[in-house]
Structures are given as C-alpha cells and as structure tokens.
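Tertiary structure, described
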Amino acid sequence: TVTIGSQNYTATVSGGAYSVTIPKQVVGTEITAKQTLNSKTSSSVNTTVMQGTVAAPTIKAVTTDDTIPLSKEQESMVPRSPSLLVRTLIPVR
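What comes next is a walk through the structure. Note that the structure is predicted; figures quoted are calculated from it, not measured.

What follows covers the layout of surface pockets. Empty space among the atoms becomes visible once a probe the size of a water molecule is rolled across them. Taken as a whole, the largest pocket encloses approximately 250 Å³ of empty space. Every residue along the wall of the largest pocket is listed here: T1, T10, A11, V13, G16, A17, Y18, K34, Q35, T36 and L37. Only β4 (17-19) and β6 (36-37) provide two or more residues apiece to the lining of the largest pocket.

Next up, the structure:
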C-alpha cells in the first residue's frame, strides 16, 4: 500500500516486484509505502518528492545559409558577423 496524505493506493505484484500508479505530486509531498503478505505487514518506508531535473535543450545545426525570422527591434541587436552561428530565438510579436 502506498499512502499520500490520507489517500491509499493499492499496488499490484508481478514477478516479485510491485508497481502502483499515483497522480503527479508537488515538491515536498511525503509518500509512505508498506507491504502485506500472509496477514503480516512490513514496517513502512518514506520518501519525499524532490524537484526533478530539466533536460538540456538541443540545438539543431545552424549554417550561414539559415534564416531566423526576427522583429525589427531584434534585427538591430544581431551582430552582422559571418562567424555568428547561434542566435537567441525570441518569438516574433
């Protein structure tokens, strides 16, 4: 059984491992789990939800032939250098 707050979630067991689906949780939520087999219940274990990491963005290759639509204001901020390969992408309004 997995407990979050006052809500219990029942796990399913397959091949000696259990799994349970729970809703997305906010950082700091405490989750408790314990198991029961043949009328015997284990002690419980706890974990606290932590902030996950954010995957790094990927940038596809940019060449000197590529164009990126910019607003007039943004165009004035882009250096006119042939060595410029990456520009900050800001949505056009």
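Take the side chain of T32 next. By secondary structure assignment, the location of T32 is in strand β5 (residues 30-33). On the basis of relative accessibility, which here comes to 19%, the residue T32 falls in the buried class. Within polar-contact distance, the side chain of T32 engages the side chain of N46 at 2.8 Å. If near-sequence neighbours (up to four positions away) are discounted, T32 is found in contact with T1, V2, T3, S44, V45 and N46.

With that out of the way, let us pick up unusual backbone geometry. Positioned with a positive phi, N38 is a non-glycine residue whose angle comes to about 50°. Position of N38 among the secondary structure elements: in the loop between β6 and β7 (40-41). We classify N38 as exposed; its relative accessible area is 67%.

What follows deals with the environment of M50. Within the secondary structure, M50 sits in the loop between β8 (45-48) and α1 (72-75). Linking M50 and E30, residues 20 residues apart in sequence, is a C-alpha distance of 9.7 Å.

Procedures and definitions
- Residues numbered from 1 in each chain as written.
- Predicted model: local features only at pLDDT ≥ 70, side-chain atom pairs only at ≥ 80, totals over all residues.
- Heavy atoms only, no water.
- 1 Å grid on protein atoms, 1.4 Å probe; cavity = no way out; pocket = protein on both sides within 12 Å on 5 of 7 lines; lining within 4 Å.
- Points joined across faces, edges and corners; volume = space filled by probe spheres on them.
- Helix = DSSP H or I, 4+ residues; strand = E, 2+ residues; numbered from the N terminus.
- Buried < 20%, exposed > 50% of the residue type's maximum accessible area, 1.4 Å probe, protein only.
- Polar contact = N/O pair within 3.5 Å; in protein donor to acceptor, adjacent residues only side chain to side chain.
- Contact = heavy atoms within 4.5 Å.

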